[in-house]
Amino acid sequence: MIKFRLYLDKDKETEWLNEMSEKGWAMESFFAGFYTFKKCEAGKYAYQIDCGEKLFKVSDEYREFMQEAGIEIVQAWGWWVILRKLASEGKFELYTDVESSIEHYSKIRRMFKVCTVIEIICLWMEIMAATVGQVSYAIAAAFFIGAIVIGFVRITIHTTNIINNLKERLTGIPVEKRRNVSPILAAGLFLNGVALLIQESVSGEIKIAVQIFAIILMVAGLWDICRKNRK
């Protein structure tokens, strides 16, 4: 069985993989959002996702360490390493203390910060491209990349709040939580990009309707951000 999902939050992805395992489906491989599952005994495996040091691969030392712990490396994709262990061997946790958890999520936050900077550079390049030609395609790409940037900013803020919660547990000192960016704004940007791409293949009424809806989403997203910041 193949399922398509796009996750930035590795905790939600881990939860979903374990839910699939409980239903009798073991995740076997992953490629660009497509998960391949194989039928298995319900709840046979417990899954966890780690943040590795290398892109699309792990070191020999990491692999040997996991093998000695009875942990199977299912897939390395980007910086993510999907791991699993037989559920019958007990609870599967990678980071059991607050300090190591803070270090783990700090590494994830650094990764998303790097990705955000790269996407902002790509956004700037598309904006520049729009000034010299292929305006519609460049602007559409800019809208898509803008939506991706918001996604990365959201997960960076979310990860920061996780780190702050862990620090609060460690020190007992309250840490202010950061308000996140509205996903509605990202949806509006994405839909605006779609409207520009389909403008030559659909009627004018459909294009206008899509663009109006996209603008409504963008305005709603901006209003939501302002509303939260006033609290």
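In case you missed it, the structure is sitting above this.
Residues numbered from 1 in each chain as written. Predicted model: local features only at pLDDT ≥ 70, side-chain atom pairs only at ≥ 80, totals over all residues. Heavy atoms only, no water.

## Section: the pairing of strand β4 (residues 45-51)
Defined as follows: Think of it in three bands: residues with accessible area under 20% of the maximum for their type are buried, residues over 50% are exposed, and the middle band is partly exposed, with areas taken using a 1.4 Å probe on protein chains only. Helical segments are the DSSP runs of H or I of at least four residues, strand segments are the runs of E of at least two, and each set is numbered from the N terminus. Should DSSP find at least two bridges between two strands, the strands are regarded as paired.
Where burial is concerned, most of β4 is hidden: seven out of the seven residues are buried. Where burial is concerned, the two faces of β4 agree: the one with Y45, Y47, I49 and C51 and the one with A46, Q48 and D50 are both buried. Direction of pairing for β4 relative to strand β6 (residues 80-86): antiparallel, over a ladder of seven bridges. Bridge assignment links Q48 to a residue of β6, and that residue is L83.

## Some thoughts on the layout of surface pockets
Note the following rule: The distinction between a cavity and a pocket rests on a 1 Å grid over the protein atoms alone: a 1.4 Å probe fits inside a cavity but cannot get out, while a pocket stays open yet meets protein on both sides within 12 Å along at least five of seven lines, and a residue with an atom within 4 Å of a point counts as lining. Grid points are joined across faces, edges and corners, and a volume is the space filled by probe spheres set on the points. Polar here means any residue other than Ala, Val, Leu, Ile, Met, Phe, Trp, Tyr, Cys and Pro, which are nonpolar, and Asp, Glu, Lys and Arg, which are charged; Gly is therefore polar.
Volume-wise, the largest pocket comes out at about 930 Å³. What lines the largest pocket is a set of 33 residues, and nearest its centre among them are Y7, L8, W80, F112 and F152. Elements represented by at least two residues in the lining of the largest pocket include exactly α1 (10-22), β6, α3 (98-130), α4 (135-171) and α5 (183-197). Among the residues making up the lining of the largest pocket, the classes are represented as 23 nonpolar, five polar and five charged.

## Quick notes on the pattern of salt bridges
Definition in use: Salt bridges are counted wherever a side-chain nitrogen of Lys or Arg sits within 4 Å of a carboxyl oxygen of Asp or Glu.
All chains considered together, the criterion is met by five salt bridges. The partner of K91 in a salt bridge is E93, with the nearest N and O atoms 3.2 Å apart. By relative accessible area, K91 is classed as exposed at 73%. Taking the relative accessible area as the measure of exposure, E93 reaches 40% and is therefore partly exposed. One continuous salt-bridge network, built from bridges that share partners, spans E28, E72 and R84.

## What to know about the sheet that holds strand β3 (residues 34-39)
To keep things clear, this is the line we draw: What counts as an axis is a line fitted to C-alpha atoms, over the stretch in contact for a helix, and the angles between N-to-C directions run from 0 to 180 degrees.
Pairing within the open sheet is antiparallel, and its three strands lie in the order β1-β3-β2. Edge positions in the sheet fall to β1 (2-4) and β2 (25-31), since each has one partner strand and no second. Taking the axes of each pair of neighbouring strands and ignoring which way they run, one obtains an average angle of 30 degrees across the sheet. Pairing of β1 with β3 involves three bridges; the strand directions are antiparallel. When the sheet's bridge partners are listed, I2 is paired in β3 with T36.

Honestly, it's all geometry; don't read function into it.
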